[in-house]
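# Summary of structural features
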Amino acid sequence: MKRVFLAALASCAAAVLGAQEPTQPQTITLTLDQAIEIALNENPTIRIADMEIERQDYVRKETVGNLLPSLSGSGQYSYAIIKQKMSKSGLSFGADNTVTVAANLNVPLFVPSVYASLKLNDAQIAEAVESARSSRVNMVNEVRKAYYNMLLLQESLDVLRESEKIMQETVDNTRMMYEAELGSEYDYITAQSNLSAIMPNIIQTEGSIEVADLYMHMLLSLPNDVEITFVGDLDYYSEDIVNSTGYYSTDVSNNSDLKLLDIQERMLEAQLKMTNAQRIPTVSAFGSLSLYGNDMPEINFGDLGGGSQVAGSSKQFWWQYPASVGVSISIPIFSGNKINNQAKQAKIAIDQLKMQREYMEESTGMQVRTAISNLVTARSKMKANETAMAQARKAYDIMNARYTGCLLYTSPSPRDRTRSR
């Protein structure tokens, strides 16, 4: 027992000391595919869309329940404080205690409105599924854009840092040239000005990286204290884009927005059928079984003529078992022209949706063609920029070598400086 107590005490002390130590921020390394997988599994938008599919499934099951038999039961007990009397002679009817138990069964046989509701539920489930697919497609696009944006900002910051380093070297070179009376003061001041002008861009890029990192944490549903390291660079992806010669399709039939409009049209048609189904009679079967009991007295009347009184009475509980079955039909005759107006509203809504769908199809096709044109233009710019970068790098090397050669050739030695003094 002593050893157990000491071991438990040591464990508690270790836990306290461990809790007092500052926790190190957790770091995870993600590729683009891993980031997409985490977003599809953890982002609340995707989970809400999946829950909507489940909810619509329960809605359909609720509608199916309207076609199933329904059974209800009831019970009642009553005690008569004052009973109704037949005459002044004191003869009364009714019981002091009454117990009633009843069961009612209703079986739908023909309910057109429920059949139309089932078609509407199927369209609602299809809409939820398509919305979930759209959420996944949008989430993948958002993660891709955020991922590429982070790589772009990080490489932009590296380029700015490299530019800062080059400008600092330029400042140092122009300063040496100016001190050696081989360059003008204007060149030296210009170099310093260029170095100062790049600092706001560096600060702005660092702030953009922080904002982009917060956005990526939101997409992946990760805590802000988790540091994300992104794998890859833009050169890897740019090679695929520049060297790609694939054909870009302008087919928009698989567009999620257009599919949702098609499903909404199906829903409106189902609503129109539900409205028209209100004109059709409904048929159902029913049955009821009751258990009725009371303590009605048994009365012996004797000779009722000549003002004779009741001979005697005794009480006992009396049970009855009435049961009945039947078929009921409900025929709509007139509803104030309400059904006709509802049907006309549904038809107008269908026509509106068809026009909206045609317009959206044209607009989406134009957006796709514009995106393809922008992609081709961007690819051409990337090729041109690669050539310009190679030429700029070569020009910088030549200029740097020229400055260095001039400084080595014209800089006086320490002995010459001493003699000149």
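Summary of the structure given here. Only a predicted model underlies this, so the values are computations on that prediction, with no experimental measurement involved.

### Quick look at the packing of helix H4 (residues 112-179) against helix H7 (residues 256-277)
Contact geometry for H4 and H7: axes closest at 8 Å, N-to-C directions at 170°. Comparing their axes, H7 and H4 come out roughly antiparallel. Classifying every residue of the contact of H4 with H7 gives eleven nonpolar, eight polar and eight charged.

### Some points on the pairing of strand E9 (residues 323-330)
Within a regular beta strand, the side chains point alternately toward one face of the sheet and then the other, so they alternate between its two faces. Sparse coverage of E9 is indicated by the burial of zero of its eight residues. In this sheet, E9 lies alongside strand E5 (residues 282-294) in antiparallel orientation, the contact comprising eight bridges. By the bridge assignment, Val283 is partnered in E9 with Ile329.

### Concerning the packing of aromatic side chains
Summed over the entire model, instances satisfying the criterion amount to two aromatic pairs. Between Tyr147 and Phe230, the aromatic rings sit 5.3 Å apart at their centres with planes inclined by 85°, giving edge-to-face as the arrangement. Taken together, the residues span a long stretch of sequence, with Tyr147 in helix H4 and Phe230 in strand E4 (residues 227-230) at a distance of 83 residues. Given a relative accessible area of 0%, Tyr147 falls into the buried group.

### Section: the pairing of E5
Note: strand E3 (residues 97-110) against E5, twelve bridges, orientation antiparallel. Within the sheet, the bridge partner assigned to Val99 lies in E5 and is Gly293. In terms of strand pairing, E5 meets strand E8 (residues 318-320) through three bridges, oriented antiparallel. In the sheet register, Gly293 faces E8, and the bridge partner there is Trp319.

### With respect to a nonpolar patch on the surface
There is a patch of nonpolar side chains on the surface, built from Leu109, Phe110, Tyr115, Ile280 and Val327 and spanning about 450 Å² of accessible area. Relative to the assigned elements, Tyr115 resides in helix H4.

### Some remarks on the side chain of Ser135
Along the chain, Ser135 turns up in helix H4. The class of Ser135 is buried, set by a relative accessible area of 17%. Leave out the neighbours within four places in its chain, and Ser135 touches Thr45, Ile46 and Ala49.

### Observations regarding H7
Note on helix geometry: an α-helix contains 3.6 residues per turn, so any two residues three or four positions apart are oriented the same way. Under the 1.5 Å per step criterion, the end-to-end length of H7 is 31 Å for 22 residues, consistent within 8% with the ideal 32 Å. Those residues of H7 lying buried are Ser256, Leu258, Leu260, Leu261, Ile263, Glu265, Met267, Leu268, Ala270, Leu272, Thr275 and Ala277. Between the side-chain oxygen at the start of H7 and the backbone nitrogen of Asp257 there is a gap of 2.9 Å, and the oxygen is on Asn255.

### Describing unusual backbone geometry
Within the chain, Ser221 stands out as a residue other than glycine whose phi angle is a positive 55°. Mapped onto the elements, Ser221 comes out in the loop between helix H5 (185-220) and E4.

About the criteria used
- Per-chain numbering applies: the sequence of each chain, read as written, is numbered from 1 onward.
- In view of the model being predicted, local features appear only for residues whose pLDDT reaches at least 70, and side-chain atom pairs are presented and counted only at 80 or more, with totals across whole chains, interfaces and linings using the full set of residues.
- Excluded from the side-chain calculations are hydrogens and water; all other atoms, namely the structure's heavy atoms, are used.
- For every element, the axis is a line fit to its C-alpha atoms; helices are fit only across the contacting stretch, and the angle between N-to-C directions ranges from 0 to 180 degrees.
- Secondary structure elements follow DSSP: runs of H or I no shorter than four residues count as helices, runs of E no shorter than two count as strands, and numbering proceeds from the N terminus.
- Orientation labels follow simple angle bins: below 35 degrees gives roughly parallel, above 145 gives roughly antiparallel, 65 to 115 gives roughly perpendicular, and whatever is left gives oblique.
- Side-chain classes follow a simple rule in which Ala, Val, Leu, Ile, Met, Phe, Trp, Tyr, Cys and Pro form the nonpolar group, Asp, Glu, Lys and Arg form the charged group, and the remainder, Gly included, forms the polar group.
- A 1.4 Å probe rolled over the protein chains alone gives each residue an accessible area, and that area as a share of the maximum for its type sets the label: buried under 20%, exposed over 50%, partly exposed in between.
- Between any two strands, at least two bridges found by DSSP are needed for them to pair.
- When two rings of Phe, Tyr or Trp (its six-membered ring) have centres within 6.5 Å they constitute a pair, described as stacked for plane angles under 30 degrees, edge-to-face for angles over 60, and tilted for the intermediate range.
- The patches described consist of residues with a relative accessible area above 30% and no salt bridge, like charges being joined within 9 Å and nonpolar side chains (Val, Leu, Ile, Met, Phe, Trp, Tyr) within 5 Å.
- Note on areas: Shrake-Rupley with a 1.4 Å probe; residue coverage comes only from the protein chains shown.
- Just to be clear on terms, a salt bridge is a Lys or Arg side-chain nitrogen sitting within 4 Å of an Asp or Glu carboxyl oxygen.
- Contacts were defined at the residue level, with two residues in contact if any of their heavy atoms lie within 4.5 Å.
- A helix is expected to span 1.5 Å for every residue after the first.
- Whenever two N or O atoms come within 3.5 Å, that pair is a polar contact, provided that in protein one can donate a hydrogen and the other can accept it, and provided that, for residues adjacent in sequence, both atoms are side-chain atoms.

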